[in-house]
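As a plain string of letters, each chain reads:
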Amino acid sequence: GGGGGGAPEEGGPQGMADLDLPNPFMLMPNILDKLKMLNYEEVFARDWMDGELLHHAYFSTPHPKPNEQFYYFVSVFTWLMKENRFTFQRPDQFDDPNNTVANVMDALRRARLPIDYPPAKVKQGHGEAVCVILDLLCDGALENRGFKLKQPVYPPDNYPEEAPVDDAEEVSGDAIADTLGDQNEDEDEVYVGSKPSRGDKAAKESVEQSRILESTTDPKQWMVEVESVAPMLKMRVEPDNKEWRTHLETTKDLQDNINGRTGPTKESLGKLSTAIGAAMERIGTRESNLNSQYKDRVAEYHEIQEKLQEVTKRYDEGNAGVSDLTNQLNQITDELETIKSDMDSRGDSMTDTGPLVKLKDAMKKIKKDITGMDVRIGTVAHNLLHIKLAHEHSKENDRDHNKDEDDD
C-alpha cells in the first residue's frame, strides 16, 4: 500500500491559490502601459524626475539604490493621487521613510482603496504591495480621463490536434543521446562531405538550412524583454547556516583572506609605527627647545597671571561691597517712599473738611435725638405722677370707708 498524505499536486487547490495572488512581474508591464496612456513621459517624468523613465521590471525587483526607488514610487503615487483628484503633498527625498509611509497609508484610507498590506511592504519601494497600489491608482486615473478598458477578445484556437502518444513506450536518456548523435553525424556529412551535385535537391536544402541565420529582432526591444524576464529566471539558493561544510568553507576562506592580508598589514603598521616614533622624537626635541628659549617669558607670564588673579579678587570684593550698598540704598529708598506716602495721606486728611461736616451733622442728629428723648421722659413722668396720685386717692377712700365701718 502506498503512502496516504503526500505533497499537494501542482493542479490542486494550493497551486490555484498561488496563481490567484498578484504577481509584480505581471503587474509592472501593465502599469507601465497605463502610465504611457496617461502620457507620464511628458507630464510626469520630464517635469518631476528630470526625464528618468521606468522599465518593465522597475518596481518588481529590488533596486541597487533603494532610496531612489522609494522616492520614485512616492513621486508616482503623488502624481497619480492628483490624477485621481485627491490631495497629497509630495515628500522630500530625504524625509523620514516611516512618516512618508504613514502619510501614504492615510491617503489610501481617504481614497478608500482596498489595500490590505502592512506599511513595511510599502516601505520597501518594490514588490507586490507597491505594484497593486500603482495599478489601482492607474485604473482610477484612466477612468477619470474617460478611458474604458474592455476585456480582450482572443481568436479561437485552430491548432492541430496532438499526435497520439504511446504511454507504454519509454523514452530513455540513451535513446535521446543516440538520436542526437545520428543528427550530428548527418550534419557533419553535410558540412564535410563532397559538394552536392546540382541534381541533388535534398543536399541543396540541407546546405540552405545550415546557413547562418540573421535575426530581424530589434536589439532595444530584445534588451527590454531580457531585463523584464531576467529576474524571474534567477534561482536564489538560500544558504543553510547549520551546514557544517558551509561553516568550514567559510572559515577556510576567512583564514586565507587573513593570511593573505597579514603580511602587508604588518609591514604597513611597522612603517607607520616608525614614522610615528620619528615624529614623536622631533616633537619632543622641539618642545624642549621651546621650553628653554621661552623660560623667562613663561615665568613672566606666571607672575602676570598671579597679579591678574589678585586684581580679579579685589574686583570681586569691591563688586560685592557695591552690591551690598546698592541693596541698602534700595531699602532706604523704599522706606522714604513709605514715609512720603504717609505724610501725603496725613496732609490730605488735615486739609479735608469732610470729616468736620460729618461731625456737625452727627451733633445735630444727636441733639435732635436728645430733644425727642426729653419729651418722652416728660410724658412718662407725667403719666407716672398721674398714676401715683390716683393710687393715693384710692388709698384715702379705702381708709375713710374702713373708718365708717368701724363707727357703725
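Residues numbered from 1 in each chain as written. Predicted model: local features only at pLDDT ≥ 70, side-chain atom pairs only at ≥ 80, totals over all residues. Heavy atoms only, no water.

### Looking at the overall build of the chain
Here is step 1: The helix and strand tally for the chain stands at 13 helices and 0 strands.
Here is step 2: Out of the 408 residues in the chain, the part that is buried amounts to 16%.
Here is step 3: Taking the contacts inside the chain whose residues are at least 6 apart along the sequence as the reference set, 62% of them involve residues at least 24 apart.
Here is step 4: Carbon and sulfur atoms form 54% of the exposed surface of the chain, whose accessible area is close to 34200 Å². (Helix = DSSP H or I, 4+ residues; strand = E, 2+ residues; numbered from the N terminus. Buried < 20%, exposed > 50% of the residue type's maximum accessible area, 1.4 Å probe, protein only. Contact = heavy atoms within 4.5 Å. Areas by Shrake-Rupley, 256 points an atom, 1.4 Å probe, with all protein chains shown as cover.)

### With respect to helix α2 (residues 24-37)
Here is step 1: Helix length check: α2, at 14 residues, gives a terminal C-alpha distance of 20 Å against a target of 20 Å (1.5 Å per residue), a fit within 8%.
Here is step 2: Within the span of α2, buried status applies to Pro-24, Leu-27, Met-28, Ile-31, Leu-32, Lys-34 and Leu-35. The arc enclosing the buried residues of α2, seen along the axis, measures out at 165°, which places them on a common side.
Here is step 3: Against the buried residues of α2 lie α3 (40-48), α4 (66-83) and α7 (128-144).
Here is step 4: At the N-terminal end of α2, a side-chain oxygen is found 3.1 Å from the backbone nitrogen of Phe-25, two or three residues along, and the residue is Asn-23. (Expected span 1.5 Å × (residues − 1). Arc of directions from axis to C-beta. Polar contact = N/O pair within 3.5 Å; in protein donor to acceptor, adjacent residues only side chain to side chain.)

### Regarding the packing of α4 against α7
Here is step 1: Running from amino to carboxyl end, α4 crosses α7 at an angle of 30°, the nearest separation of the two axes being 9 Å. By the criterion of interaxial angle, the relationship of α4 to α7 is roughly parallel. Of the two elements, α4 crosses α7, and the hand of that crossing is left-handed. Between α4, through Phe-73, Val-76, Phe-77, Leu-80, Met-81 and Glu-83, and α7, the contact on the second element is made entirely by Val-130, Ile-133, Leu-134, Leu-137, Cys-138, Ala-141 and Asn-144.
Here is step 2: Its residues placed into classes, the contact of α4 with α7 shows 11 nonpolar, 1 polar and 1 charged. (Axes fitted to C-alpha atoms, helices over the stretch in contact; angles between N-to-C directions. Parallel < 35°, antiparallel > 145°, perpendicular 65-115°, else oblique. Left-handed = near helix turned anticlockwise from the far one by under 90°. Nonpolar A, V, L, I, M, F, W, Y, C, P; charged D, E, K, R; others polar.)

### A closer look at the side chain of Ser-75
Here is step 1: Tracing the chain through its elements places Ser-75 in helix α4.
Here is step 2: Looking at Ser-75, the relative accessible area reads 0%, which means it is buried.
Here is step 3: If we skip the residues at most four places from it in the chain, Ser-75 touches Phe-44, Trp-48, Met-49 and Arg-90.

### Let's talk about the environment of Met-26
Here is step 1: Position of Met-26 relative to the elements: it lies in helix α2.
Here is step 2: Here Met-26 falls in the exposed class, since its relative accessible area comes to 58%.
Here is step 3: Put simply, Met-26 and His-56 are 30 residues apart on the chain and 9.2 Å apart in space, counted from C-alpha to C-alpha.

### Overview of the packing of aromatic side chains
Between two aromatic rings, the relevant description is the distance of the centres plus the angle of the planes.
Here is step 1: This model, assessed by the stated rule, comprises 10 aromatic pairs.
Here is step 2: Each residue in the set Phe-44, Trp-48, Tyr-58, Phe-59, Phe-70, Tyr-72, Phe-73, Phe-77, Trp-79 and Phe-88 is aromatic and connected to the rest through ring pairs, giving one cluster. (Phe/Tyr/Trp six-rings, centres within 6.5 Å; stacked < 30°, edge-to-face > 60°.)

### Re the nonpolar core
Here is step 1: Ranked by size, the top nonpolar core spans 43 residues in total, and within it Tyr-40, Leu-54, Phe-59, Tyr-72, Phe-77 and Leu-80 carry the most contacts.
Here is step 2: Of all the secondary-structure elements, those providing two or more residues to this core are α2, α3, α4, α5 (97-111) and α7.
Here is step 3: When residues no more than four places from it in sequence are discounted, the contact partners of Tyr-40 are Leu-32, Leu-35, Ala-45, Leu-53, Leu-54, Tyr-72 and Trp-79. (Core = buried A, V, L, I, M, F, W, Y, C linked by side-chain atoms within 4.5 Å.)

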